[in-house]
Amino acid sequence: MKAVLCKAWGLPDTLVIEELPDVIPGPGQIAIDVKAAGVNFPDVLIIQNKYQFKPELPFTPGSELSGVVRAVGAGVSNAKTGDRVIAFVGHGAFAQQVVVPAQAIMPMPAEMDFDTAAAITLTYGTSHHAVLDRAQLKAGETMLVLGAAGGVGLAAIEIGKAIGARVIAAASTVEKLAICKAHGADVCINYSSEDLREAIKLATDGKGPDVIYDPVGGIYTEPAFRSIGWRGRYLVVGFANGEIPKLPLNLTLLKGASLMGVFWGEFVKREPLKNLAAMRELLGWLKQGKIKPHISGKYALADTAQALNNLAARKVTGKVIIQPEL
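Anyway, here's the lowdown on the structure attached to this text. (Residues numbered from 1 in each chain as written. Predicted model: local features only at pLDDT ≥ 70, side-chain atom pairs only at ≥ 80, totals over all residues. Heavy atoms only, no water.)

Moving on: the pattern of salt bridges. This model, assessed by the stated rule, comprises 14 salt bridges. Across the pair Lys161 and Asp186 runs a salt bridge whose closest N-O atoms are separated by 2.9 Å. Separated by 25 residues along the polypeptide, Lys161 in helix 3 (residues 151–162) and Asp186 in the loop between helix 4 (174–182) and strand 10 (187–190) bring together distant segments of the chain. Residues Arg226 and Glu222 are paired through a salt bridge, measuring 2.8 Å at the closest nitrogen-oxygen approach. Linking Arg226 with Glu222, this pair stays in helix 6 (residues 221–226), spanning 4 residues, or about one helical turn. Note on Arg226: relative accessible area 31%, which makes it partly exposed. (Salt bridge = Lys/Arg side-chain N within 4 Å of Asp/Glu carboxyl O. Helix = DSSP H or I, 4+ residues; strand = E, 2+ residues; numbered from the N terminus. Buried < 20%, exposed > 50% of the residue type's maximum accessible area, 1.4 Å probe, protein only.)

Moving on, we come to the packing of helix 2 (residues 114–134) against helix 3. Between helix 2 and helix 3, whose axes approach to 8 Å, the crossing angle comes to 50°. The angle between helix 2 and helix 3 places the two elements in the oblique class. As helix 2 packs across helix 3, the resulting crossing turns out to be right-handed. Where helix 2 approaches helix 3, its residues Thr123, Tyr124, Thr126, Ser127, His128, Val131 and Leu132 are matched on the opposing element by Gly151, Val152, Ala155, Ala156, Glu158 and Ile159. Among the residues forming the contact of helix 2 with helix 3, the class breakdown is 7 nonpolar, 5 polar and 1 charged. (Axes fitted to C-alpha atoms, helices over the stretch in contact; angles between N-to-C directions. Parallel < 35°, antiparallel > 145°, perpendicular 65-115°, else oblique. Left-handed = near helix turned anticlockwise from the far one by under 90°. Contact = heavy atoms within 4.5 Å. Nonpolar A, V, L, I, M, F, W, Y, C, P; charged D, E, K, R; others polar.)

Our next topic: the nonpolar core. Residues Val131, Met143, Val145, Ile157, Cys180, Tyr213 and Leu235 are the most contacted members of the largest nonpolar core, which totals 41 residues. When contributions to this core are tallied by element, the ones reaching two or more residues are helix 2, strand 8 (142–145), helix 3, strand 9 (166–171), helix 4, strand 11 (211–214) and helix 9 (272–288). Take this core: its biggest share by element is 7 residues, from helix 3. The contact partners of Cys180, leaving out residues within four places of it in the chain, are Ala148, Ala149, Leu154, Ile157, Ala169 and Ala185. In terms of nonpolar packing, the next biggest core, distinct from the first, is built from 33 residues, Phe59, Val85, Ala307 and Leu308 among them. (Core = buried A, V, L, I, M, F, W, Y, C linked by side-chain atoms within 4.5 Å.)

Counted according to the given criterion, the structure contains 1 cavity of 30 Å³ or more. What lines the largest cavity is Thr123, Tyr124, Gly151, Leu154, Pro293, His294, Gly318 and Lys319. Its residues assigned to classes, the lining of the largest cavity comprises 3 nonpolar, 4 polar and 1 charged. (1 Å grid on protein atoms, 1.4 Å probe; cavity = no way out; pocket = protein on both sides within 12 Å on 5 of 7 lines; lining within 4 Å. Points joined across faces, edges and corners; volume = space filled by probe spheres on them.)

A cis geometry characterises the amide bond from Leu57 onward to Pro58, with omega recorded as -15°. By the secondary structure assignment, Pro58 is in the loop between helix 1 (41–46) and strand 4 (64–72). The backbone phi angle of Asp205 is positive, close to 55°, even though this residue is not glycine. Its place among the elements puts Asp205 in the loop between helix 5 (196–203) and strand 11.

A few words on the layout of surface pockets. By volume, the second largest pocket is sized at about 160 Å³. Taken together, 13 residues line the second largest pocket, and the ones lying closest to its centre are Thr60, His91, Gly92, Gln97 and Val98. Mapped by element, the contributors of at least two residues to the lining of the second largest pocket are strand 1 (2–5) and strand 6 (97–101). Tallying contributions element by element places strand 6 first for the lining of the second largest pocket, with 3 residues. Residues that form the lining of the second largest pocket fall into these classes: 9 nonpolar, 4 polar and no charged.

A few words now on helix 10 (residues 304–312). Regarding helix 10, the residues found buried are Thr304, Ala305, Ala307, Leu308, Asn310 and Leu311. Looking at the packing, one finds that the buried side of helix 10 touches strand 1, strand 3 (29–39), helix 1, strand 14 (295–300) and strand 15 (319–323).

Read across the open sheet, the 6 strands follow the order 10-9-8-11-12-13; overall the sheet is parallel. What marks the edges here is a single partner per strand, and that holds for strand 10 and strand 13 (258–261). Each strand axis lies, on average, 20° off the axis of its neighbour in the sheet, ignoring direction. Looking at chain direction, strand 11 and strand 12 (residues 233–236) are connected through 4 bridges and run parallel. Across the sheet, Ile212 pairs through a bridge with Tyr234, a residue of strand 12. (Pairing = 2+ DSSP bridges.)

Structural measurements only, silent on function.
This is the structure we're talking about:
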């Protein structure tokens, strides 16, 4: 089977594709034929040794996938050969085959396609944990989403609308904002051409948003935080801008506001039952049409570096998928 390998820390173009032996599951493990793998910003960081999780070299990147069970190891009772499954793993998804712990999978709904299944775990899981578990967003409240046309951003918009909140989307181009609007955003702000603070003030009648969802960091964080409403909750989701910002802490005092860190991967490990309940709710919303992953590109295994480069350059809207069988 073929797999993408990271043999030395570096940018996406340093990745290689090699032929490896077919995988064999051990006790408590499941072998999967990968049909689709989601591409996420942490994949760009992990190959550069810039992510919280640091696997040993060499390794195959990719953390979420969908596929068909090819074999199960001793003691596995939650899957059988031929089952269609979704899996979230620390790494290994950018390959034709992967072995995962039995507890890392969940069954795919019968009506779901492989691409959608590979696009829902990390982005929607992160946004559900951030918006509903951490920030406790309520119906009738207002949430501002920065970097709103990205995978987690669009997921946050849809989750906010699913529970009855008002959502303001901020992104860098007219085209990206059109996608945000199509996914339910009530108000759109182009922070490349508008003054962010003034636009937020106008969109909230001067009150500021109750929740701010920030996967971007960099230059937008401080003006956004200065605009937050009383008792607002600011979600620190990531730093797609590449710059980790610094905030004057007196702002939290003046606004009675909270800074909330969002680390979904650690949440999954520490609170697996809460994560499972969240995924069940998300799959229910998917079936009802309340959420729908936006997949803007599909790549062959040989084009994995290009997919990662496009993501790093912020040329991607929603999600892109690796299809190892292409």
